[in-house]
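# Overview (structure and organization)
Below, each chain spelled out in residue letters.
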Amino acid sequence: MMKLKPWHCRILLALAVLVVYYPSLHAGYNSVDDMGMIDRISNAGPVNFWHLFFPHGTGYYYRPLTILTFFFDRFAWGTIPSFMHLENILIHLGSVLLVFAITRRIASLYDVKGQGVAFFAGLLFALHPLATEAVCWISDRTDLLSGLLVLMTLWLVILALQTHRPWALLLGGVTLLLACLAKETAVFVLPGLLWFVGVFPEPGMPRVRRLQRRWLALGMPTLAIAVYFIMRHMALARDTGIKTALTGVITSANFDLLNKARVALKVYGFYFKKLFLPWPLNFAIIGVSNWYVLGGILLVVVLCWLVIRADLLGTLGLMGFCVLSPALLVPFSKMAWTPIGERYLYVSIALVAPLVAILIFQQRKRLAPFRQRWAVGALTLLLAVFFYTTFHRSWIWQNNVRLYTGTSAKSPNFIAAKTELASALIRRGRTAEAQKILAALHKENNSGGYVVDDLNFALTLTSQGKLAEARKVLLGSIDKNPKMRYQMLQGLLRINDLRCGKAMDSAARLKIQLESLAWLYEEQKIRPQVFTLYRIAKQQL
């Protein structure tokens with residue numbers, strides 16, 4: 001039987017990733033975040049690199065490296081969605097190959113021979129269903145890029161510790177800084193990474209002496225994180241992201257430590273279960289059962305056990321938790337459109353995959369030959385189920401109607417999901433179905449200030465020629481959410497363009513045009529664009 005060589009494994013891993021995510025190449029933009037991001041990038045003008053990294057404004061996120069990749073998309077292929085999806089897939093492939101490389105190096109320390117363990121770890125990460133959300137959602141390139149750079153940092157650290165090459169540590173500091181500039185949550189890997197350096201085996205060397213010799217390995221990641229915070233402080237005159245996170249956790253009006261501990265255990269318990277049992281998959285997870293508190297308690301026990309063991313494999317699990325830990329800020333601070341997201345596990349899966357693979361192969365060696373064959377069959381079946389689930393999920397993400405139909409069914413009380421489904425139906429020309437959804441939402445008036453449903457409802461009315469009703473809906477909603485004022489103005493301007501065409505006399509037409517001119521000036525004030533100036537000049541003529 002032919003033994004797999006490293007290049008065989010790399011080719012097979014590449015084929016697995018490209019095939020399982022092939023459906024996403026035919027996907028468009030997701031209506032959540034993608035379209036807004038594309039609009040901003042398309043109208044941003046020439047790239048000012050200094051302003052990109054040091055905008056000196058108010059910022060919620062500081063992710064200049066990820067934004068830079070979107071500008072690259074604009075210049076390379078005009079933000080064509082297929083190419084942007086391909087870029088996401090290739091970034092994921094890079095991370096898969098790094099998981100393979102990391103596992104090979106760590107497995108050699110545990111006397112696990114052959115390419116099989118590294119190949120299995122790479123496939124486990126490549127095909128894991130929870131990675132689908134990060135790979136198929138263009139806007140979530142933040143997790144992909146940050147994960148790639150975190151894994152590159154870990155590989156460079158291992159390389160430096162095994163071969164005593166200082167340049168690898170210096171380069172690892174750079175990649176960790178870049179990971180933070182892709183997504184700020186990468187800073188949380190630092191404790192786990194330092195622990196990894198501390199426990200990395202070196203036979204015959206006392207621990208204290210070992211730490212003294214590794215001052216550069218300990219110092220470079222710490223310096224990288226310090227440089228990141230300095231850059232962030234220089235870049236943002238008012239850092240609303242950190243403020244929002246801290247407000248949600250420690251300065252809420254009714255601070256209840258026990259309740260926050262319960263929520264933390266429940267959230268982490270849910271993520272712990274998802275890591276090993278990812279089903280059901282849902283883009284909008286708005287609540288989980290209190291029974292997951294038990295899973296959280298189990299996770300605490302496992303983490304304590306890993307700390308006590310103080311070995312290299314356990315450190316991978318600790319790093320996976322460190323990277324996941326900031327996900328708790330989301331339900332406390334309401335920093336994203338859902339309190340829980342499958343995408344937050346992306347980097348954790350990559351870090352835990354080598355741990356799981358090496359443990360499985362260690363146990364497999366202890367089995368009788370016929371039981372080893374059964375174990376191989378079971379692992380093959382697991383990977384086949386993962387492949388089917390991920391391929392099917394990629395197909396669902398290919399179409400916004402499919403995605404939000406499933407999301408609305410799994411989270412029936414989440415108004416935003418129904419609104420996005422209505423948007424998708426409208427874009428497909430299925431306005432009757434969209435109007436039915438939006439009319440129910442509008443009648444119930446239970447959106448809690450979420451005004452996108454009003455925008456879509458007005459759009460369906462406009463498509464039916466009910467301009468007065470559409471105008472009434474938008475004028476009644478325009479002050480609900482200042483962040484959506486620009487979109488509301490765009491809707492009102494579209495209605496006025498149609499009203500102008502139907503106006504019976506010049507006086508009525510002039511009144512509509514003056515109203516539109518005022519709204520265009522307001523649009524330009526909110527979001528300056530050359531095209532808006534053109535429309536203002538045209539309206540004045």
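Residues numbered from 1 in each chain as written. Predicted model: local features only at pLDDT ≥ 70, side-chain atom pairs only at ≥ 80, totals over all residues. Heavy atoms only, no water.

### Some remarks on the overall build of the protein
- When you go through the protein residue by residue, the secondary structure sums to 27 helices and two strands.
- The C-alpha radius of gyration computed for the protein amounts to 26 Å, which stays within 12% of the reference 24 Å derived for 541 residues, consistent with globular compactness.
- When its C-alpha atoms are laid out on the principal axes, the protein stretches across 95 × 50 × 50 Å.
- Nonlocal contacts in the protein, meaning residues at least 24 apart in sequence, comprise 74% of its contacts between residues at least 6 apart.
- Summed over all atoms, the accessible surface of the protein reaches about 25800 Å², with 67% contributed by carbon and sulfur.
- With 57 positive and 27 negative side-chain charges, the protein shows a spacing of 9 Å between the two charge centroids. (Helix = DSSP H or I, 4+ residues; strand = E, 2+ residues; numbered from the N terminus. Rg over C-alpha atoms; globule rule 2.2 N^0.38 Å. Contact = heavy atoms within 4.5 Å. Areas by Shrake-Rupley, 256 points an atom, 1.4 Å probe, with all protein chains shown as cover. Lys, Arg positive; Asp, Glu negative; His and termini not counted. Charge placed at Lys NZ, Arg CZ, Asp CG, Glu CD.)

### Some remarks on the nonpolar core
- Ile106, Leu154 and Phe196 are the most contacted members of the largest nonpolar core, which has 163 residues in total.
- Broken down by element, this core gets its largest block of residues, 13 residues, from helix α8 (residues 141–163).
- Residues within four places of Leu154 in sequence aside, it is in contact with Ile102, Leu193, Phe196, Leu316, Met319 and Leu351. (Core = buried A, V, L, I, M, F, W, Y, C linked by side-chain atoms within 4.5 Å. Buried < 20%, exposed > 50% of the residue type's maximum accessible area, 1.4 Å probe, protein only.)

### Things to note about the environment of Lys418
- Among the secondary structure elements, Lys418 is positioned in helix α21 (residues 415–427).
- The sequence separation of Lys418 and Leu441 amounts to 23 residues, and the corresponding C-alpha distance is 8.6 Å.
- Setting aside residues up to four positions removed in sequence, Lys418 forms contacts with Ser408, Pro412, Ile437 and Leu441.

### Focus on helix α14 (residues 257–276)
- Helix length check: α14, at 20 residues, gives a terminal C-alpha distance of 29 Å against a target of 28 Å (1.5 Å per residue), a fit within 8%.
- Listing the buried residues of α14 in full gives Lys260, Val263, Ala264, Lys266, Val267, Tyr268, Gly269, Phe270, Tyr271, Phe272, Lys274 and Leu275. (Expected span 1.5 Å × (residues − 1).)

### Quick notes on unusual backbone geometry
- With an omega of -10°, the peptide bond running from Trp279 to Pro280 counts as cis.
- Within the element layout of this structure, Pro280 appears in the loop between α14 and α15 (292–309).
- A positive phi angle is found at Asp111, which is not glycine, with a value near 55°.
- One can find Asp111 in the loop between α5 (81–109) and α6 (116–126).
- The residue His164 is not glycine, and still its phi comes out positive at about 55°.
- Residue classification places His164 among the exposed residues on the basis of a relative accessible area of 53%.

### Observations regarding the packing of helix α9 (residues 166–182) against helix α12 (residues 215–235)
- It is at 9 Å that the axes of α9 and α12 come closest, and there the two elements cross at 30°. For the element pair α9 / α12, the angle class is roughly parallel. For α9 against α12, the interelement crossing comes out right-handed. Taking contact as the criterion, the partners of Pro166, Leu169, Leu170, Gly173, Leu176, Leu177, Cys180 and Leu181 in α9 are, on α12, Leu216, Ala217, Met220, Pro221, Ala224, Ile225, Val227, Tyr228 and Met231. (Axes fitted to C-alpha atoms, helices over the stretch in contact; angles between N-to-C directions. Parallel < 35°, antiparallel > 145°, perpendicular 65-115°, else oblique. Left-handed = near helix turned anticlockwise from the far one by under 90°.)

### Let's talk about the environment of Met220
- One can find Met220 in helix α12.
- Its relative accessible area of 14% is what places Met220 among the buried residues.
- Separated by 49 residues in sequence, Met220 and Leu171 have C-alpha atoms that sit 9.1 Å apart.
- What Met220 contacts, discounting residues up to four positions off in sequence, is Leu169, Leu170 and Gly173.

### Focus: the pattern of salt bridges
- In the structure shown here, the tally under the stated rule is 15 salt bridges.
- Linking Glu515 and Arg499 is a salt bridge whose minimum nitrogen-to-oxygen distance equals 3.6 Å. Here Glu515 is found in helix α26 (residues 506–526), whereas its partner Arg499 is found in helix α25 (residues 485–502), with 16 residues between them in sequence.
- A relative accessible area of 23% places Glu515 in the partly exposed class.
- Under the relative-accessibility criterion, Arg499 is labelled partly exposed at 25%. (Salt bridge = Lys/Arg side-chain N within 4 Å of Asp/Glu carboxyl O.)

### Some remarks on the side chain of Gln362
- With respect to the helices, strands and loops of the structure, Gln362 is situated in helix α18 (residues 346–365).
- In this structure, Gln362 is in contact with Tyr110, Val112 and Leu313, ignoring residues within four places of it in sequence.

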